[in-house]
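Structural description and commentary
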Amino acid sequence: MEGTSTVPDTSATSSTSSTSATPVPPVPPTPPVPLSALLAREDLGLRHIAGPVEQDTVIHWAHTSEMADPYPYLLGGELLLTAGVHIPEAAGSGTYFDDYVSRIVAAGGAALGFGLAPVHDTVPRALVAACDTYGLPLLEVPPQTTFSGVARAVWQLMAQARLAELRRVTEAQQSLAAAAARPDPVAAVLRQLAQRVGGWAVLYGPEGAELARAGRTPQDGPVVALGALAAVVRPVPTRPGVPQGPTPPPTPTPTPTPTPSSATDTVGGSHLAAYALGGGRGFVLGVAAPRRDPGDHTIASVAAVLLSLLTGEQQSGSGSARSAALVRLLLGAAPEDVAPLLGGDRWTVVHARPAADGPAPDAVAASALGAALGSALIDTGGSVVRVLVPGDREPAAQKGWICGVSAAVAPHEWASADGQAARALARARATRAPLVRHGERPALADLVPPADAAAHARALLAPIAATPALTETLRTWLSLHGSWDRTAVALSVHRNTVRQRIARCAALLEADLDDADVRMELWFALRES
């Protein structure tokens, strides 16, 4: 009687030059079990007695059958277990075993396990010869090992492999998300993807040109094939032509063939995959790897989603509101009148720059930082990125960035908060801290009426007010407790320049800057300026 499958198979069989438009799977499929891992189980006592001994032989499940022709009941990838009940007495003198093994191979069976009890004491020699002839691995199952025990071992190995694959995918998702928040997010995501799949990753532009790549570049054949595969999933833009001459009669419009969202191929031993990025702008992610593990599609799909966000344009209602707010500001509206369009009453300003010295961050890097901080209100100027963050969100330190954060303020205080964030960033750079926040504790200056405090500050700082470099140097120097080196780092100048400016301030102010009382009074004045 035909047996039943013991272990369900949820793996997807990859094929050459196949296309797929299926959604991203939530978890990777179950990995198959290497035949070598099953043979290594000492509790089973299995012995490999015929057929190839290739290390890449895998099984997807265990199946028991005593049918003379199991072909109709096999799906492929099975370890077929039999006790030889179906073998006739005169089988060794004819073609019975050749026919039996050839049908298993034709059905895609991965291996054959032959039990020594209770029917046979040894494995028939003709069966051994047939397995060698047709290249089917043959395992001898000892009397003390039950077929259910073998099937359970297959299930256990599959469960272990699935757990390991889930752990690998989870770690890859975390590393890809962290890479997307770096100052060079596109390059960082591609590097992480190439590392996780052990191959090569490339981002193609709408015209098919390579915009960025990472990992070990394969040979020319796979590179060309991957570019062609990317064209398969790239949406074709419709460009209406300009009619000339008399209008032709209308013709039926054929239904367009939908473009797949992903495609796979195998060329020169490299497994290729292409993923169309969201937004329909023509960007495509290409991946080439020497192998195709079950979780690789999930990992690449996560990278494709992140790259879609990094390369996509925000065409939404919130984008329209931001455009309207900008227009109103340009036309003279007050910030407090514009803020409701942006969706908040209080706001925090963040100034950020890459932690490592290098080129200024580009628009993609700035967008990634804004997404990590929870805001799309971003300004990129020089080496500093400014982000306007809703006050109900607490900006956190971002890997690869140095950030200065202002206090949460009302819209009419945006300019003041911008200065706070700039000073906080300067302090963060000087102290090598990933993030510094502007202090919000009440100060002694709060006891003085604002008008009187401002008038006193103007009078005290008048000798240096006409030279902003002196005012800012004094402010930074005092905030860093008179440290020449830290002030030089914060202002991006030489320490001798700091000394000259502070000496100039002392001369113009006619003040002893070594006196703590003088420093305190000047600091209060600078806070009001």
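Scroll up to find the structure.
Before going into details, it helps to say that this report is about the structure given with it. What you see is a predicted model; the values in this text were computed from it and never measured.

1. Things to note about the overall build of the chain
- In terms of helices and strands, the chain carries 16 helices and 18 strands.
- Out of the 529 residues in the chain, the part that is buried amounts to 41%.
- Counting contacts in the chain only where the partners sit at least 6 residues apart, residues at least 24 apart contribute 67% of the total.
- About 27700 Å² of surface is accessible on the chain, with carbon and sulfur atoms providing 56% of the total.

2. Here's the deal with helix 10 (residues 363-373)
- Buried residues of helix 10: A365, A366, A368, L369, G370 and L373, and no others.
- Positive phi appears at G374, one or two residues downstream of helix 10, with a value of about 90°.

3. Comments concerning the sheet that holds strand 7 (residues 111-115)
- An order of 3-8-7-6-5 is seen for the five strands of this open sheet, with the pairing classed as mixed. In this open sheet, the two strands that pair with only one neighbour each are strand 3 (47-50) and strand 5 (61-64). Direction aside, the axes of adjacent strands within the sheet are offset by 30° on average.
- Pairing analysis gives three bridges linking strand 3 to strand 8 (residues 138-141), with the strands arranged antiparallel.

4. Overview of the pairing of strand 14 (residues 347-354)
- Of all the eight residues making up strand 14, eight are buried; the element is thus mostly covered by neighbouring parts of the structure.
- Side chains W347, V349, H351 and R353 project from strand 14 onto one buried face, and the interleaved T348, V350, A352 and P354 project onto a second face that is buried too.
- Two elements, strand 14 and strand 16 (residues 384-390), share six bridges in a ladder whose sense is antiparallel. By the bridge assignment, H351 is partnered in strand 16 with R386.
- In terms of strand pairing, strand 14 meets strand 17 (residues 401-405) through five bridges, oriented antiparallel. When the sheet's bridge partners are listed, V350 is paired in strand 17 with V405.

5. Let's talk about the pattern of salt bridges
- What the rule picks out here adds up to twelve salt bridges.
- We note a salt bridge from R47 to E140, for which the minimum N-O separation is 3.0 Å. One end of the pair, R47, is in strand 3; the other, E140, is in strand 8, and 93 residues separate them in sequence.
- Classification of R47 by relative accessible area gives partly exposed; the value is 45%.
- Given the relative accessible area of 16%, E140 is considered buried.
- Here the salt bridges do not stand alone but share partners, grouping E165, R168 and D296 into one network.

6. Examining the packing of aromatic side chains
- According to the stated counting rule, one finds four aromatic pairs in the structure shown.
- Ring centres of Y96 and F97 lie 5.6 Å apart, and the angle between their planes is 85°; on these two criteria the pair is classed as edge-to-face.
- Note on Y96: relative accessible area 19%, which makes it buried.
- On the basis of relative accessible area, F97 is assigned to the buried category, the value being 5%.
- Considering the side-chain rings of Y96 and Y100, the 6.4 Å spacing of their centres and the 5° angle between planes classify their relative orientation as stacked. A residue pair is termed a helical-turn pair when its members lie 3 or 4 positions apart in one helix, as Y96 and Y100 do in helix 2 (residues 96-106) at four residues. We note that Y96, like Y100, is buried.
- A network of ring pairs unites the aromatic residues Y96, F97 and Y100 as a single cluster.
- For R103, the ring lying beneath its charged end belongs to Y71, and the centroid distance is 4.1 Å.

7. Quick word on the packing of helix 12 (residues 450-465) against helix 16 (residues 516-528)
- One way to put it is that helix 12 packs onto helix 16 with a least axis distance of 8 Å and a crossing angle of 115°. In terms of orientation, helix 12 lies roughly perpendicular with respect to helix 16. Regarding helix 12 and helix 16, the two cross each other, and that crossing is left-handed. Each of A453, A454, H456, A457, L460 and L461 in helix 12 lies in contact with helix 16, whose residues at this interface are E521, L522, A525, L526 and E528.
- Looking at side-chain class alone, the contact of helix 12 with helix 16 contains eight nonpolar, one polar and two charged residues.

8. What to know about the environment of G374
- Along the chain, G374 turns up in the loop between helix 10 and strand 15 (378-381).
- Each C-alpha atom, one on G374 and one on V387, is 9.5 Å from the other, the two residues being 13 residues apart in sequence.
- Look past the residues within four positions of G374 in its chain and what remains in contact with it is P390 and R393.

9. Describing unusual backbone geometry
- The step from A117 to P118 runs through a cis peptide bond, and the omega angle for that step is 5°.
- Locating P118 in the fold gives a position in the loop between strand 7 and helix 3 (125-134).
- One non-glycine residue, R432, adopts positive backbone phi at about 60°.
- Position of R432 among the secondary structure elements: in the loop between helix 11 (414-431) and strand 18 (435-437).
- For R432, a relative accessible area of 79% puts it in the exposed group.

Definitions and cut-offs
Residues numbered from 1 in each chain as written. Predicted model: local features only at pLDDT ≥ 70, side-chain atom pairs only at ≥ 80, totals over all residues. Heavy atoms only, no water. Helix = DSSP H or I, 4+ residues; strand = E, 2+ residues; numbered from the N terminus. Buried < 20%, exposed > 50% of the residue type's maximum accessible area, 1.4 Å probe, protein only. Contact = heavy atoms within 4.5 Å. Areas by Shrake-Rupley, 256 points an atom, 1.4 Å probe, with all protein chains shown as cover. Pairing = 2+ DSSP bridges. Axes fitted to C-alpha atoms, helices over the stretch in contact; angles between N-to-C directions. Salt bridge = Lys/Arg side-chain N within 4 Å of Asp/Glu carboxyl O. Phe/Tyr/Trp six-rings, centres within 6.5 Å; stacked < 30°, edge-to-face > 60°. Lys NZ or Arg CZ within 6 Å of the ring centre and 35° of its normal. Parallel < 35°, antiparallel > 145°, perpendicular 65-115°, else oblique. Left-handed = near helix turned anticlockwise from the far one by under 90°. Nonpolar A, V, L, I, M, F, W, Y, C, P; charged D, E, K, R; others polar.

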